Amino acid sequence: MPDDLNLTIRRWRDALACRESIKGEQLDELQDHLEAELQQIPAQGLSEEERVLLAARRVGSLDQLDTQFFDANPSLAWRRRVLWMVIGYFALVVLPGGLLKLAMPAAIFAVNIAAPKVLVVSGLIAMHVAVWAGLFFFLNKRMKGLAPNAKVSGWIKSYPVAMITMLIVAVLVFELALAIPMGYMLALRGTNISDFGTITLWNSFMNFTWSFLAPSGLGFLAWRCYRQPTVHS
Amino acid sequence: MYKASMATKELVAASSRPLVLSILERGESYGYAIIQEVKALSGGELEWTDGMLYPVLHRLEREGLIQSRWGKSDTGRKRKYYTLSRDGGHALQAEKAQWLNVHNTLAQLWGVKPCPTI
């Protein structure tokens, strides 16, 4: 099979894999169906991409497939609801608390080196950007099909799960990377944590950024996935 | 374009179950072949969108009416084959009785020849 044909089929499959309701072996089954349709389309006068486009049309649009698979599996609707509840909880409660812990050593450090506050705030924003950029990179790789047959692929491809996992990992990594050296440094300098007076300011800053960034990042992820180039018209 | 003899969406959906069970009663098959068979048998009057079939197959499998296995197609692709289970056979008998009931009721009203019941 020519490479560009494989690539076009791959793209179709990846676009399909973005849909939460279709996963794992169902993708294999639909791909087999697409290729069976493809065999019925004459090669003369058509480019490989045009042939895949025609075959994909016969299989059905991505939205159609997604709806049909979603309707056939009522547990998906519940899974989706529960996941959004979990996301909401994380976005509004857990993450601000977690990040506050991260922000404290950084803020204490900032106060100690007497850096301008604007610098500290931009640093924290950069930290958010880094977390999300890492997440996009990770999902992008997954969407390009680097590990399409991995056992976890069906699970990890749901953005909510991927997002929560990545954020937990990110929080842990930042905590280790920042808090430990900071704490060590502070201990060396003999600084008392209660010296930090503007804690409430940081608290509200953190609450705001996390509750705003988590949903907007999620929206961006969904948008990225759904606008993947695809043969589907 | 509207075509009077074409089955409505609801009827297509409702008949998908007995159709799949009946086709699998004839022997093992797979998605694409099942759709081709429905198209051929109905002379194109039952228009199935291809993607519609798989949720039906997966639901029947969850209900234990059909069983599946992964095999290879003639060109070596991974392909999922389905067979009717024992429960599926019973379910098919029940479906047959129901559909023939509906058919015979309408046939009497319309004054056309009813079908033999089973």
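Here the structure is a predicted model, which means the values were calculated and not measured.

About the criteria used
Residues numbered from 1 in each chain as written. Chains lettered and ligands numbered in written order. Predicted model: local features only at pLDDT ≥ 70, side-chain atom pairs only at ≥ 80, totals over all residues. Pairing = 2+ DSSP bridges. Helix = DSSP H or I, 4+ residues; strand = E, 2+ residues; numbered from the N terminus. Contact = placed C-beta atoms within 7 Å. Axes fitted to C-alpha atoms, helices over the stretch in contact; angles between N-to-C directions. Expected span 1.5 Å × (residues − 1). Buried ≥ 20, exposed ≤ 12 C-beta atoms within 10 Å, placed from the backbone. Parallel < 35°, antiparallel > 145°, perpendicular 65-115°, else oblique. Left-handed = near helix turned anticlockwise from the far one by under 90°. Nonpolar A, V, L, I, M, F, W, Y, C, P; charged D, E, K, R; others polar. pLDDT = per-residue confidence, 0-100.

Q: Hey, could you run me through the sheet that holds strand β1 (residues 29-30) of chain B in this one?
A: Working definition: the strands of a sheet are paired by backbone hydrogen bonds and lie parallel or antiparallel to each other. Residue and element names in this part refer to chain B. Here we have 3 strands laid out as an open sheet, ordered β1-β3-β2, and antiparallel in their pairing. The open sheet has two edge strands with one neighbour each: β1 and β2 (66-72). Pairing of β1 with strand β3 (residues 78-84), which is carried by 2 bridges, proceeds in the antiparallel orientation. Within the sheet, the bridge partner assigned to S29 lies in β3 and is Y82. Here helix α3 (residues 50-62) sits on the sheet in contact with β2 and β3, set at roughly 120° to β2.

Q: Just checking my understanding: could you explain helix α4 (residues 86-110) of chain B for this structure?
A: Residues separated by three or four positions in an α-helix point in the same direction, a consequence of the helix having 3.6 residues per turn. Look at α4(B): 36 Å from first C-alpha to last across 25 residues, which is about the 36 Å you get at 1.5 Å a residue. Counting buried residues along α4(B), only 2 of its 25 residues qualify, which leaves the element largely exposed.

Q: Would you mind showing me how to read the pairing of β2(B) here?
A: Moving residue by residue along a regular strand, the side chains alternate between the two faces of the sheet. Residue and element names in this part refer to chain B. Note that β2 and β3 share 7 bridges and pair antiparallel. Counterpart to G71 in the pairing with β3 is R79. Hairpin connection between β2 and β3: a loop of 5 residues separates the two successive antiparallel strands, and G76 in this loop has a positive phi of roughly 90°.

Q: How should the packing of helix α1 (residues 9-25) of chain B against α3(B) be read in this particular structure?
A: Packed helix pairs are characterised by how far apart their axes lie and by the angle those axes make with each other. Residue and element names in this part refer to chain B. Contact geometry of α1 with α3 gives a least axis separation of 10 Å together with a crossing angle of 70°. When the axes of α1 and α3 are compared, the pair comes out roughly perpendicular. The two elements α1 and α3 meet at a crossing, and its hand is right-handed. Contacts from S16, R17 and V20 of α1 reach α3 at M52, V56, L57 and L60. Grouping the amino acids of the contact of α1 with α3 by side-chain chemistry returns 5 nonpolar, 1 polar and 1 charged.

Q: It is not clear to me how the confidence of the model for chain A should be interpreted in this structure. Could you clarify?
A: Low pLDDT means the predicted coordinates in that region are not meant to be read closely. Summary statistics for chain A give a mean pLDDT of 65 and a share of 34% for residues scoring 70 or more. The spread of mean pLDDT over the elements of chain A runs between helix α7 (residues 153-156) of chain A, the lowest at 46, and helix α2 (residues 25-39) of chain A, the highest at 90.

Q: How do you make sense of the interface of chain A and chain B when you look at a structure like this?
A: You'll often see interface size given as the accessible area lost when the parts meet. Opposite the 17 residues of chain A that make contact, chain B presents 15 residues. Of all the secondary-structure elements, those providing two or more residues to the side of chain A that touches chain B are α2, α3 (48-59) and α4 (62-71) of chain A. Looking at the side of chain A that touches chain B, the element that brings in the most residues is α2(A), giving 8 residues. When its residues are assigned to classes, the side of chain A that touches chain B shows 6 nonpolar, 5 polar and 6 charged.

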